[in-house]
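Here's the letter readout for the chains.
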Amino acid sequence: MPEYIFIYFDVRGRCETARILLADQGQDWKEEIVTFDTWTQGDLKSKCAFGQLPGFKDGNFELYQSNAIIRHLARTHSLYGKNDEEAAYIDMVADGVEDLRMKYAKLIYQNYEDGKATYIENLPKELQSFECILSKNHGGSGFIVGDKISMADYCLLDILIIHQVLAPECLKDFPLLSAYVARLSARPNIKAFLESDAHKNRPINGNGKQ
Ligand code: GTB
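Quick caveat: nothing in here was measured; it's all calculated off a predicted structure. Throughout, residues of each chain are indexed from 1 in the direction in which the sequence is written. Side-chain atom pairs in this predicted model are given and counted only at pLDDT of 80 or more, local residue features only at pLDDT of at least 70, and totals for whole chains, interfaces and linings cover all residues. The basis for the side-chain values is all heavy atoms of the structure; hydrogens and waters are excluded.

Asks: It is not clear to me how the environment of D10 should be interpreted in this structure. Could you clarify?
Replies: Per the convention used, a helix needs a DSSP run of H or I reaching at least four residues, while a strand needs a run of E reaching at least two, with both numbered from the N terminus. In this structure, D10 sits in the loop between β1 (4-8) and α1 (16-24). Counting along the chain gives 192 residues from D10 to R202, while the straight-line C-alpha distance between them is 6.6 Å. The contact definition used throughout considers only heavy atoms, calling two residues in contact when any of these lie within 4.5 Å. Excluding residues that lie within four positions of it along the chain, D10 makes contacts with I33, V34, R202 and P203.

Asks: Explain the site of the ligand to me, please; I cannot follow it from the model alone.
Replies: Distances are taken per atom, and a residue is near a molecule or strand as soon as one of its heavy atoms is within 4 Å of it. Neighbouring the ligand are 13 residues; K45, Q52, L53, Q65 and S66 lie closest to it. Between an oxygen atom of the ligand and a side-chain N or O atom of R14, the distance comes to 3.1 Å. Per-residue and other accessible areas follow the Shrake-Rupley method at a 1.4 Å probe size, with only the shown protein chains counted as cover for residues. Its free accessible area being 680 Å², the ligand has 74% of it covered by the protein chains. Classifying every residue of the shell around the ligand gives 7 nonpolar, 4 polar and 2 charged. Under the rule applied, a polar contact is a pair of N or O atoms within 3.5 Å (in protein, one hydrogen donor and one hydrogen acceptor; residues adjacent in sequence only if both atoms are side-chain atoms). Asp, Glu, Lys and Arg are counted as charged, while Ala, Val, Leu, Ile, Met, Phe, Trp, Tyr, Cys and Pro are counted as nonpolar; the rest, among them Gly, fall into the polar class.

Asks: Any chance you could explain the packing of α1 against helix α4 (residues 66-76) here in plain terms?
Replies: Two packed helices can be described by the angle between their axes and the distance between those axes. The angle between two axes is taken between their N-to-C directions and runs from 0 to 180 degrees, where each axis is a line fitted to C-alpha atoms and a helix contributes only its stretch in contact. As a packed pair, α1 and α4 sit with axes 9 Å apart at the nearest point and diverge in direction by 15°. The angle between α1 and α4 places the two elements in the roughly parallel class. The crossing of α1 and α4 is left-handed. Note on element contacts: α4 touches α1 through I69, I70, L73 and A74, opposite T17, A18, L21 and L22. Of the residues contributing to the contact of α1 with α4, the split by class is 7 nonpolar, 1 polar and no charged. Here is the rule for angles: anything less than 35 degrees is roughly parallel, anything more than 145 is roughly antiparallel, 65 through 115 is roughly perpendicular, and the remaining ranges are oblique. In this scheme, a crossing is called left-handed if the near helix is turned counterclockwise away from the far one by less than a right angle; it is called right-handed if the turn is clockwise.

Asks: How should the pairing of strand β3 (residues 55-58) be read in this particular structure?
Replies: Strand residues, when the strand is regular, have side chains that alternate between the two faces of the sheet. Strands pair, by our definition, only if DSSP identifies at least two bridges between them. Taken together, the 4 bridges between β1 and β3 define a ladder with antiparallel strand orientation. Of the residues in β3, the one forming a bridge with Y4 is D58. Taken together, the 4 bridges between β3 and strand β4 (residues 61-64) define a ladder with antiparallel strand orientation. Counted as the bridge partner of K57 is E62 from β4. The antiparallel hairpin formed by β3 and β4 contains 2 residues in its connecting segment, where G59 sits at a positive phi of about 65°.

Asks: Would you explain helix α6 (residues 112-135) in this entry?
Replies: For an α-helix, 3.6 residues make a turn, and residues three or four places apart therefore share a direction. To get the bend at a residue, fit one axis to the 7 residues ending there and another to the 7 starting there, then take the angle between the axes. Along its length, α6 shows its largest kink, about 40°, at N122, and proline P124 lies within four residues downstream of that point. Burial status follows relative accessibility: with a 1.4 Å probe on protein chains alone, a residue under 20% of its type maximum counts as buried, one over 50% as exposed, and anything between as partly exposed. Along α6, the positions that sit buried rather than exposed are Y112, G115, Y119, L123, L127, F130, E131 and L134. Turning to α6, the residues buried within the fold contact α5 (84-110), α7 (151-166) and α8 (175-185).

Asks: I keep staring at the packing of aromatic side chains and nothing clicks. Help me out?
Replies: The relation between two aromatic rings is expressed through the spacing of the ring centres and the mutual angle of the planes. Within 6.5 Å between ring centres, the rings of Phe, Tyr and Trp (the latter by its six-membered ring) count as paired, and their orientation is classed by plane angle as stacked under 30 degrees, edge-to-face over 60, tilted in between. Tallied over the full model, the rule gives 6 aromatic pairs. Geometrically, the ring pair formed by F6 and W29 is edge-to-face, given 6.3 Å between the ring centres and 85° between the ring planes. Pair noted here: F6 is in strand β1 and W29 is in the loop between α1 and β2 (30-33), with a separation of 23 residues, a long-range link. By relative accessible area, F6 is classed as buried at 0%. Centre to centre, the rings of W29 and F193 are 5.8 Å apart; their planes meet at 65°, and the pair counts as edge-to-face. Here W29, found in the loop between α1 and β2, pairs with F193, found in helix α9 (residues 188-194); they are 164 residues apart in sequence, far enough to count as distant. Exposure remark for F193: the relative accessible area of 7% places this residue in the buried category. Through a chain of ring-to-ring contacts, the aromatic side chains of Y4, F6, W29, F56 and F193 assemble into a single cluster. A cation over a ring is seen here: R19 above F6, with NZ or CZ 5.4 Å from the ring centre. By the criterion adopted, a ring carries a charge over it if an Arg CZ or a Lys NZ lies within 6 Å of its centre and within 35 degrees of its normal.

Asks: Looking at this structure, how should I read unusual backbone geometry?
Replies: Excluding glycine, most residues fall at negative phi; most peptide bonds, likewise, are trans. Here L53 and P54 are connected by a cis peptide whose omega angle stands at 15°. Note that P54 resides in the loop between α3 (44-47) and β3. Even without a glycine there, the phi angle at Q65 is positive, about 80°. Note on placement: Q65 falls in the loop between β4 and α4. By relative accessible area, which is 41% here, Q65 ends up partly exposed.

Asks: Can you help me understand the domain arrangement of the chain in this one?
Replies: Note that domain bounds follow an automatic or database assignment of domains. By domain assignment, the chain separates into domain 1 (4-78 + 192-200) and domain 2 (84-187). Between the C-alpha centres of domain 1 and domain 2 there is a distance of 21 Å. With 14 residues of domain 1 at the contact, the number on the domain 2 side is 16 residues. Buried area between domain 1 and domain 2, summed over both chains or domains, comes out near 1,400 Å², and the portion from carbon and sulfur atoms is 53%. Salt bridges are defined by distance alone: a side-chain nitrogen of Lys or Arg within 4 Å of a carboxyl oxygen of Asp or Glu. The salt bridge involving R71 is made with D91; its shortest N-O contact spans 3.3 Å. Summed over the shared surface of domain 1 and domain 2, the number is 10 residue pairs in polar contact (both at pLDDT 80 or more). Counting only elements with at least two residues in the side of domain 1 that touches domain 2, the list comes to α1 and α4. In terms of residue count, the dominant contributor to the side of domain 1 that touches domain 2 is α1 (5 residues). Among the residues making up the side of domain 1 that touches domain 2, the classes are represented as 5 nonpolar, 5 polar and 4 charged. Summed over both partners, the accessible area lost on bringing two parts together, with a 1.4 Å probe, is the buried area.

In C-alpha coordinates, the structure reads:
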(Lines give C-alpha, C1' and ligand atoms only; values in the text may rest on other atoms or scores of the structure.)
Protein backbone atom coordinates (compact mmCIF):
# COMPACT_ATOMS: atom_id res chain seq x y z
CA MET A 1 0.00 0.00 0.00
CA PRO A 2 1.43 3.43 -0.87
CA GLU A 3 1.69 5.90 1.95
CA TYR A 4 -0.10 9.11 1.11
CA ILE A 5 0.62 12.32 2.99
CA PHE A 6 -0.94 15.75 2.57
CA ILE A 7 1.22 18.65 3.69
CA TYR A 8 -1.14 21.56 4.09
CA PHE A 9 -2.72 24.14 6.36
CA ASP A 10 -5.49 22.82 8.59
CA VAL A 11 -8.23 23.53 6.07
CA ARG A 12 -10.26 21.65 3.49
CA GLY A 13 -9.25 24.14 0.81
CA ARG A 14 -7.30 22.71 -2.08
CA CYS A 15 -6.96 19.24 -0.54
CA GLU A 16 -10.55 18.23 0.05
CA THR A 17 -11.19 16.95 -3.47
CA ALA A 18 -8.21 14.60 -3.20
CA ARG A 19 -9.30 13.55 0.29
CA ILE A 20 -12.79 12.68 -1.00
CA LEU A 21 -11.19 10.76 -3.87
CA LEU A 22 -8.93 8.75 -1.56
CA ALA A 23 -11.75 8.11 0.92
CA ASP A 24 -14.03 6.83 -1.85
CA GLN A 25 -11.24 4.60 -3.15
CA GLY A 26 -10.83 3.06 0.31
CA GLN A 27 -7.38 4.55 0.84
CA ASP A 28 -5.82 5.88 4.02
CA TRP A 29 -3.63 8.93 4.22
CA LYS A 30 -1.81 11.05 6.74
CA GLU A 31 -1.92 14.77 7.32
CA GLU A 32 1.13 16.90 8.02
CA ILE A 33 -0.51 20.06 9.23
CA VAL A 34 1.41 23.28 8.70
CA THR A 35 0.60 26.08 11.10
CA PHE A 36 0.63 29.68 10.02
CA ASP A 37 3.63 30.31 12.31
CA THR A 38 5.63 27.46 10.82
CA TRP A 39 4.78 28.72 7.36
CA THR A 40 5.76 32.32 7.98
CA GLN A 41 8.76 31.70 10.20
CA GLY A 42 10.38 28.58 8.78
CA ASP A 43 11.98 27.71 5.45
CA LEU A 44 9.22 25.37 4.22
CA LYS A 45 7.95 27.87 1.65
CA SER A 46 11.35 27.95 -0.06
CA LYS A 47 11.29 24.14 -0.34
CA CYS A 48 7.89 24.00 -2.07
CA ALA A 49 8.05 23.76 -5.86
CA PHE A 50 6.00 26.94 -6.32
CA GLY A 51 6.34 28.37 -2.82
CA GLN A 52 2.84 27.23 -1.91
CA LEU A 53 0.94 24.38 -0.30
CA PRO A 54 -0.48 21.78 -0.62
CA GLY A 55 2.35 19.36 -1.01
CA PHE A 56 1.66 15.67 -1.34
CA LYS A 57 3.70 12.52 -0.89
CA ASP A 58 2.97 9.22 -2.56
CA GLY A 59 5.66 7.17 -0.87
CA ASN A 60 8.91 8.88 -1.85
CA PHE A 61 7.27 10.75 -4.71
CA GLU A 62 6.62 14.37 -3.79
CA LEU A 63 4.26 16.59 -5.70
CA TYR A 64 2.88 20.16 -5.62
CA GLN A 65 -0.12 21.83 -7.25
CA SER A 66 -3.49 20.54 -6.09
CA ASN A 67 -4.75 19.70 -9.57
CA ALA A 68 -1.57 17.77 -10.37
CA ILE A 69 -2.14 15.81 -7.15
CA ILE A 70 -5.72 15.00 -8.16
CA ARG A 71 -4.65 13.97 -11.66
CA HIS A 72 -1.85 11.79 -10.28
CA LEU A 73 -4.36 10.01 -8.05
CA ALA A 74 -6.78 9.74 -10.96
CA ARG A 75 -4.15 8.02 -13.10
CA THR A 76 -3.05 5.67 -10.35
CA HIS A 77 -6.62 4.71 -9.40
CA SER A 78 -8.08 4.45 -12.91
CA LEU A 79 -10.30 7.51 -12.48
CA TYR A 80 -9.46 9.14 -15.80
CA GLY A 81 -12.08 7.65 -18.13
CA LYS A 82 -12.03 4.67 -20.41
CA ASN A 83 -10.57 6.37 -23.50
CA ASP A 84 -8.97 9.62 -24.68
CA GLU A 85 -12.31 11.31 -25.33
CA GLU A 86 -13.57 10.61 -21.83
CA ALA A 87 -10.22 11.80 -20.44
CA ALA A 88 -10.60 15.05 -22.38
CA TYR A 89 -14.12 15.56 -21.03
CA ILE A 90 -12.88 14.80 -17.53
CA ASP A 91 -10.21 17.48 -17.98
CA MET A 92 -12.84 19.86 -19.33
CA VAL A 93 -15.04 19.45 -16.25
CA ALA A 94 -12.07 19.63 -13.86
CA ASP A 95 -10.87 22.83 -15.55
CA GLY A 96 -14.39 24.26 -15.34
CA VAL A 97 -14.39 23.48 -11.63
CA GLU A 98 -10.98 25.15 -11.31
CA ASP A 99 -12.33 28.31 -12.97
CA LEU A 100 -15.15 28.41 -10.44
CA ARG A 101 -12.77 27.64 -7.56
CA MET A 102 -10.61 30.62 -8.50
CA LYS A 103 -13.66 32.91 -8.45
CA TYR A 104 -14.71 31.41 -5.11
CA ALA A 105 -11.22 31.88 -3.64
CA LYS A 106 -11.15 35.49 -4.81
CA LEU A 107 -14.46 36.10 -3.07
CA ILE A 108 -13.43 34.35 0.14
CA TYR A 109 -9.96 35.83 0.48
CA GLN A 110 -10.34 39.24 -1.16
CA ASN A 111 -13.90 40.48 -1.31
CA TYR A 112 -16.20 38.49 0.98
CA GLU A 113 -18.25 41.25 2.61
CA ASP A 114 -18.65 43.43 -0.48
CA GLY A 115 -18.80 40.67 -3.07
CA LYS A 116 -20.91 37.90 -1.57
CA ALA A 117 -24.34 39.08 -2.72
CA THR A 118 -23.24 39.63 -6.32
CA TYR A 119 -21.36 36.35 -6.35
CA ILE A 120 -24.49 34.47 -5.25
CA GLU A 121 -26.57 36.36 -7.80
CA ASN A 122 -24.23 35.21 -10.59
CA LEU A 123 -23.86 31.66 -9.31
CA PRO A 124 -26.76 30.16 -11.34
CA LYS A 125 -24.91 31.02 -14.56
CA GLU A 126 -21.90 29.08 -13.31
CA LEU A 127 -23.94 26.12 -12.09
CA GLN A 128 -26.02 25.96 -15.27
CA SER A 129 -22.93 24.87 -17.22
CA PHE A 130 -22.46 21.84 -14.98
CA GLU A 131 -26.19 21.02 -15.00
CA CYS A 132 -26.09 21.08 -18.79
CA ILE A 133 -22.99 18.85 -19.05
CA LEU A 134 -24.53 16.42 -16.56
CA SER A 135 -27.81 16.30 -18.49
CA LYS A 136 -25.96 15.10 -21.59
CA ASN A 137 -24.56 12.03 -19.86
CA HIS A 138 -27.33 9.43 -19.40
CA GLY A 139 -29.82 12.21 -18.74
CA GLY A 140 -27.89 13.24 -15.65
CA SER A 141 -28.66 10.05 -13.77
CA GLY A 142 -25.08 8.89 -13.19
CA PHE A 143 -21.66 10.44 -13.31
CA ILE A 144 -20.50 13.64 -14.94
CA VAL A 145 -18.51 11.73 -17.60
CA GLY A 146 -18.86 8.14 -18.74
CA ASP A 147 -20.25 5.17 -16.85
CA LYS A 148 -17.99 5.11 -13.84
CA ILE A 149 -16.79 7.59 -11.27
CA SER A 150 -13.88 9.76 -12.34
CA MET A 151 -11.74 12.48 -10.84
CA ALA A 152 -14.14 15.00 -12.39
CA ASP A 153 -16.89 13.76 -10.08
CA TYR A 154 -14.77 14.36 -6.99
CA CYS A 155 -13.82 17.85 -8.22
CA LEU A 156 -17.44 18.71 -8.95
CA LEU A 157 -18.79 17.22 -5.72
CA ASP A 158 -16.33 19.18 -3.60
CA ILE A 159 -17.03 22.51 -5.28
CA LEU A 160 -20.80 21.96 -5.04
CA ILE A 161 -20.55 21.07 -1.34
CA ILE A 162 -18.66 24.26 -0.49
CA HIS A 163 -21.08 26.34 -2.54
CA GLN A 164 -23.98 24.84 -0.63
CA VAL A 165 -22.31 26.17 2.51
CA LEU A 166 -21.87 29.61 0.95
CA ALA A 167 -25.38 29.67 -0.51
CA PRO A 168 -27.53 26.88 0.97
CA GLU A 169 -30.26 27.26 -1.69
CA CYS A 170 -27.92 27.42 -4.67
CA LEU A 171 -28.93 24.03 -6.13
CA LYS A 172 -32.67 24.44 -5.74
CA ASP A 173 -33.21 25.22 -9.44
CA PHE A 174 -30.79 22.52 -10.57
CA PRO A 175 -32.55 19.18 -10.11
CA LEU A 176 -29.85 17.11 -11.74
CA LEU A 177 -27.02 18.63 -9.71
CA SER A 178 -29.10 18.33 -6.52
CA ALA A 179 -29.70 14.64 -7.12
CA TYR A 180 -26.06 14.19 -8.17
CA VAL A 181 -24.74 15.63 -4.89
CA ALA A 182 -27.16 13.44 -2.93
CA ARG A 183 -26.21 10.35 -4.96
CA LEU A 184 -22.45 10.78 -4.68
CA SER A 185 -22.63 11.82 -1.03
CA ALA A 186 -24.50 8.57 -0.32
CA ARG A 187 -21.70 6.36 -1.63
CA PRO A 188 -20.70 4.53 1.56
CA ASN A 189 -17.06 5.65 1.72
CA ILE A 190 -17.89 9.24 0.79
CA LYS A 191 -20.77 9.30 3.28
CA ALA A 192 -18.48 8.07 6.05
CA PHE A 193 -15.87 10.66 5.15
CA LEU A 194 -18.33 13.54 4.93
CA GLU A 195 -19.73 12.53 8.32
CA SER A 196 -16.27 12.21 9.89
CA ASP A 197 -14.91 14.74 12.38
CA ALA A 198 -11.86 15.05 10.14
CA HIS A 199 -14.06 16.57 7.46
CA LYS A 200 -16.69 18.31 9.57
CA ASN A 201 -14.29 19.98 11.98
CA ARG A 202 -11.80 21.14 9.37
CA PRO A 203 -12.47 24.73 8.29
CA ILE A 204 -13.22 25.14 4.61
CA ASN A 205 -10.96 28.15 4.22
CA GLY A 206 -8.01 29.70 5.99
CA ASN A 207 -9.68 32.96 7.06
CA GLY A 208 -12.81 31.56 8.71
CA LYS A 209 -15.08 32.72 5.88
CA GLN A 210 -17.29 30.20 4.16
N1 GTB B 1 -2.24 26.54 -7.74
C2 GTB B 1 -1.93 26.13 -6.40
C3 GTB B 1 -2.58 24.78 -6.12
O4 GTB B 1 -3.64 24.50 -6.71
O5 GTB B 1 -2.03 23.99 -5.34
C6 GTB B 1 -2.44 27.19 -5.44
C7 GTB B 1 -1.99 26.87 -4.04
C8 GTB B 1 -2.33 27.96 -3.05
O9 GTB B 1 -3.04 28.94 -3.36
N10 GTB B 1 -1.83 27.77 -1.85
C11 GTB B 1 -2.07 28.69 -0.78
C12 GTB B 1 -0.73 29.00 -0.13
O13 GTB B 1 0.19 28.20 -0.09
C14 GTB B 1 -2.91 28.01 0.28
S15 GTB B 1 -4.54 27.63 -0.27
N16 GTB B 1 -0.65 30.20 0.46
C17 GTB B 1 0.53 30.61 1.19
C18 GTB B 1 1.48 31.43 0.40
O19 GTB B 1 1.25 31.66 -0.82
O20 GTB B 1 2.49 31.86 0.97
C21 GTB B 1 -5.48 28.98 0.45
C22 GTB B 1 -5.23 29.13 1.90
C23 GTB B 1 -4.74 30.32 2.35
C24 GTB B 1 -4.51 30.48 3.72
C25 GTB B 1 -4.75 29.44 4.59
N26 GTB B 1 -4.52 29.60 5.99
O27 GTB B 1 -4.06 30.66 6.43
O28 GTB B 1 -4.80 28.66 6.77
C29 GTB B 1 -5.24 28.26 4.11
C30 GTB B 1 -5.48 28.11 2.75
